[in-house]
Amino acid sequence: MAVSDRFEAAAICTPGLEPFVETELRALGIKPKPGHTGVVEFKASARQLYAANVWLRTASRVLVRIATFRATDFAHLQQRAEEVDWSSWITDDVAPEFRVSSRKSRLYHTQGIADRLHKVVGPASIGEAGQPFVVRFDRDLCSVSIDASGTPLNHRAWRTDIGVAPLRPTMAAAVLMAAGYDGTEPLVDPFCGCGTIPIEAALLAAKLPPGGTRRFAFQQWPSFQRGTWASVQGEVKAAAQAGVVAQIEAYDRDQAAVDACKANAERAQVSDSVLIERKVVSHLGGHTGKGLIVSNPPYGKRVGDGDLRALYKKFGAVMRQRRPQWGLAMVVADVKLARVADHRLAPVGGFGHGGMTVSVLSRPGSEPSEPSAPLSDPDLQAR
Ligand SMILES: C[S@@+](CC[C@H](N)C(=O)[O-])C[C@H]1O[C@@H](n2cnc3c(N)ncnc32)[C@H](O)[C@@H]1O
């Protein structure tokens, strides 16, 4: 494909996050098409391609298809690669980087494929980042895509203190979407760890892009449209809600987690929006209005001084008592355990995380008239 103003694009995401990516694309005025697992395809103008990279909170990268051809041996591959208009996509001073995969194809030696492509396009970079291309052979059909993002979109520069069991920021954004968080209502994460959920929420509330002022690979393309980019940047500035202080609380019982959360919030420039304190969940303060509890509680066999069932039971009782009207969304490894906290939680998504499958569950807030059960004595023991 030669560079036109209509890109054959695909947003790549963690399998399970596709519906969230589709929702985000629609919000940008882009029509998504279901692709394979972990892929959402879309056609985009240059403006939409740039905006997708800037605003997608749940995707990991955006690719643009530049060529598709059949090749069954190396000579054939080299010949077809020479027909691709590489100069529209990469300048001589940028080194190409080929990420190759092959499935059910006669050409399966991925390093050999990359070597042939380097012969045609230019040598690999020594040291500094170049321009990544994704090359996929499937039943002898080769598709070549250019990575428009460069550094993955799920990389957040503010997140340098990551604690022990951090949630990926893309998943934090997904659970916030599942909870229906729009940045206007109060929010609490009682198990905040390094702060991934509350900081993503604060950025969303301030209408700030998830990656801040980072650079993207498309900015080094020969076809890069400076005027269009300036206009997308203008929209970023116009969207930013200067002076909006979101009401977000972030607590954890672990001092190291609280310190990491504070440092991350500082780097993300959202410290004013997030109250961060060391606190066990049983000491959560009360709130009579509406709001959202969005969290990723501990998982595993045991945690600290008690078993997880007791902790989830306590969490549920504390929420009903102290935040009776608040909605709830959680990322959990064990759905049964989550329902110990609240049996009304319904599954809204699931994805792989650290070698296990985790689920997103949510339930809306309650109306003021609905009675809440008082906390019993065992529930009040500090956990
Ligand atoms: C799965 S981690 C949360 C990770 C977090 N979402 C992040 O991205 O860093 C669970 C957190 O719950 C905290 N925790 C465990 N028991 C707690 C309790 N009783 N009260 C408050 N926090 C607790 C742990 O210290 C841990 O940081």
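What you are looking at is a predicted structure, and each value in this text was computed from that prediction instead of being measured.

**Remarks on the domain arrangement of the chain**
Structurally, the chain comprises domain 1 (7–147) and domain 2 (169–209 + 218–380). Between the C-alpha centres of domain 1 and domain 2 there is a distance of 33 Å. The partner domain 2 presents 20 residues to the 26 residues of domain 1 that form the contact. At the level of secondary structure, the elements contributing two or more residues to the side of domain 1 that touches domain 2 comprise α1 (18–27) and α2 (46–55). Across the side of domain 1 that touches domain 2, the residue classes break down as 14 nonpolar, 10 polar and 2 charged.

**Focus: the nonpolar core**
With 113 residues, the main nonpolar core has Ala11, Val175 and Leu176 as its most contacted residues. Viewed by domain, this core spans two of them, domain 1 (7–147) and domain 2 (169–209 + 218–380), each represented by three or more residues. Setting aside residues no more than four positions away along its own chain, valine 175 makes contact with Ile197, Val294, Ala329, Val331 and Val360.

**Structural notes on the pairing of strand β16 (residues 356–363)**
The pairing of strand β14 (residues 327–332) with β16 spans 5 bridges and is classified as antiparallel. Among the inter-strand pairings, alanine 329 is bridged to a residue of β16, identified as serine 362. Bridge count for strand β15 (residues 346–353) against β16 is 7 bridges, and the pairing is antiparallel. Residue glycine 349 lies in a different strand from β16, and its bridge partner there is valine 360. What sits between β15 and β16 in their antiparallel hairpin is a turn of 2 residues, with glycine 354 showing a positive phi close to 55 degrees.

**Concerning the packing of helix α5 (residues 169–178) against helix α6 (residues 196–205)**
The relative placement of two packed helices is expressed as an angle between their axes plus a distance between the axes. At a minimum axis distance of 9 Å, the contact between α5 and α6 shows a crossing angle of 65 degrees. With respect to their mutual orientation, α5 and α6 come out roughly perpendicular. Pair α5 / α6 crosses with right-handed handedness. Along the contact surface, α5 presents Pro169, Ala172, Ala173, Val175 and Leu176, while α6 presents Thr196, Ile197, Glu200, Ala201 and Leu204. Across the contact of α5 with α6, the residue classes break down as 8 nonpolar, 1 polar and 1 charged.

**Describing unusual backbone geometry**
For lysine 104, which is not glycine, the phi torsion reads 45 degrees and is therefore positive. Note on placement: lysine 104 falls in the loop between β5 (96–103) and α4 (110–121). C-beta crowding within 10 Å serves as the criterion here: with 10 such atoms nearby, lysine 104 is assigned to the exposed category. A positive phi is found at lysine 207, a non-glycine position, where the angle reads about 55 degrees. Summarising the element assignment, lysine 207 is placed in the loop between α6 and α7 (226–239).

**Quick look at the site of the ligand**
By nearness alone, 23 residues border the ligand, and Phe191, Gly193, Thr196, Asp254 and Asn296 come closest of all. Of the residues belonging to the shell around the ligand, the class tally is 14 nonpolar, 5 polar and 4 charged.

Reading the values: the criteria
Residues numbered from 1 in each chain as written. Predicted model: local features only at pLDDT ≥ 70, side-chain atom pairs only at ≥ 80, totals over all residues. Domains from an automatic or database assignment. Contact = placed C-beta atoms within 7 Å. Helix = DSSP H or I, 4+ residues; strand = E, 2+ residues; numbered from the N terminus. Nonpolar A, V, L, I, M, F, W, Y, C, P; charged D, E, K, R; others polar. Core = buried A, V, L, I, M, F, W, Y, C linked by C-beta atoms within 7 Å. Buried ≥ 20, exposed ≤ 12 C-beta atoms within 10 Å, placed from the backbone. Pairing = 2+ DSSP bridges. Axes fitted to C-alpha atoms, helices over the stretch in contact; angles between N-to-C directions. Parallel < 35°, antiparallel > 145°, perpendicular 65-115°, else oblique. Left-handed = near helix turned anticlockwise from the far one by under 90°. Near = placed C-beta within 6 Å.

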